[in-house]
Amino acid sequence: PIVQLRMVNGAASRVDPQATALAHRTSESFLFAGFPAPLDATKEQIAQGLEKWDKLAQYSVGAYPNFISTNTERDVADIYPHETYERLAAIKQQYDPDNIFDHNFNIKPAQK
């Protein structure tokens, strides 16, 4: 496993969370825990590695998308709190109403 603890305070914490897509600016630290798996790992092996993270995740708030290797609705909810998601969905409706850019942690366009 790889574990990093990064401080978030400083300039990053002085930016209004509503000014960008990164909503978790008021957190004091950022914990990265990586459990690398070989390219030929089975789904069961990957799930076993993610179980280790689940034990830590219950003590965390939010998520940072650049270090997430899964892509679930839960991941999207952790990355974008409700208010942030709604704001970004409105922007998506304006600029990408057909949801062409739907990869990664997709934000669906707001419904009119």
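Structural data are supplied above this passage.
Treat the numbers as computed from the prediction; the structure is a model and nothing was measured.

Attention now goes to the packing of aromatic side chains. Using the criterion set out here, one finds four aromatic pairs in the structure. When the centroid spacing of 5.6 Å and the interplanar angle of 40° are considered together, the rings of Phe30 and Phe67 count as tilted. Separated by 37 residues along the polypeptide, Phe30 in strand β2 (residues 29-34) and Phe67 in the loop between α1 (43-57) and α2 (73-79) bring together distant segments of the chain. Of the residues examined, Phe30 reaches a relative accessible area of 19% and is grouped as buried.

What follows is about the nonpolar core. Ala63, Val76, Ile79, Tyr80, Tyr85, Leu88, Ala89, Phe105 and Ile107 form the largest nonpolar core, which has nine residues in total. Within the residue set of this core, elements represented by two or more residues are α2 and α3 (82-95). Per-element tally for this core: the top contributor is α3, with three residues. Excluding anything up to four places from it in sequence, Val76 contacts Tyr85, Phe105 and Asn106.

Located in the positive-phi region is Asn99, a residue other than glycine, with phi close to 55°. Within the element layout of this structure, Asn99 appears in the segment after α3. Judged by its relative accessible area of 18%, Asn99 falls in the buried class. The phi dihedral of Asn104 falls on the positive side, at around 60°, and the residue is not glycine. Structurally, Asn104 can be placed in the segment after α3.

For side chains bearing opposite charge, pairing can occur when the charged atoms are close. In this structure the tally under the stated criterion is two salt bridges. The salt bridge partner of Asp78 is Arg74, with a shortest N-O separation of 3.1 Å. A residue pair is termed a helical-turn pair when its members lie 3 or 4 positions apart in one helix, as Asp78 and Arg74 do in helix α2 at four residues. Residue class for Asp78 comes out partly exposed when judged on its relative accessible area of 22%. When the shortest N-O distance is used, the salt bridge between Asp96 and Lys92 registers 3.8 Å. Of the two residues examined, Asp96 and Lys92, each falls in the buried class.

As a further point, take the side chain of Thr84. Examined against the element boundaries, Thr84 turns out to sit in helix α3. When neighbours within four sequence positions are excluded, Thr84 is seen to be in contact with Gln18, Ala21 and Ala23.

Another aspect to go through is the pairing of strand β1 (residues 2-7). Sparse coverage of β1 is indicated by the burial of zero of its six residues. Both β1 and β2 contribute to a ladder of six bridges, which runs antiparallel. Bridge pairing in β2 places Arg6 opposite Phe30.

Criteria and thresholds
- Residues numbered from 1 in each chain as written.
- Predicted model: local features only at pLDDT ≥ 70, side-chain atom pairs only at ≥ 80, totals over all residues.
- Heavy atoms only, no water.
- Phe/Tyr/Trp six-rings, centres within 6.5 Å; stacked < 30°, edge-to-face > 60°.
- Helix = DSSP H or I, 4+ residues; strand = E, 2+ residues; numbered from the N terminus.
- Buried < 20%, exposed > 50% of the residue type's maximum accessible area, 1.4 Å probe, protein only.
- Core = buried A, V, L, I, M, F, W, Y, C linked by side-chain atoms within 4.5 Å.
- Contact = heavy atoms within 4.5 Å.
- Salt bridge = Lys/Arg side-chain N within 4 Å of Asp/Glu carboxyl O.
- Pairing = 2+ DSSP bridges.

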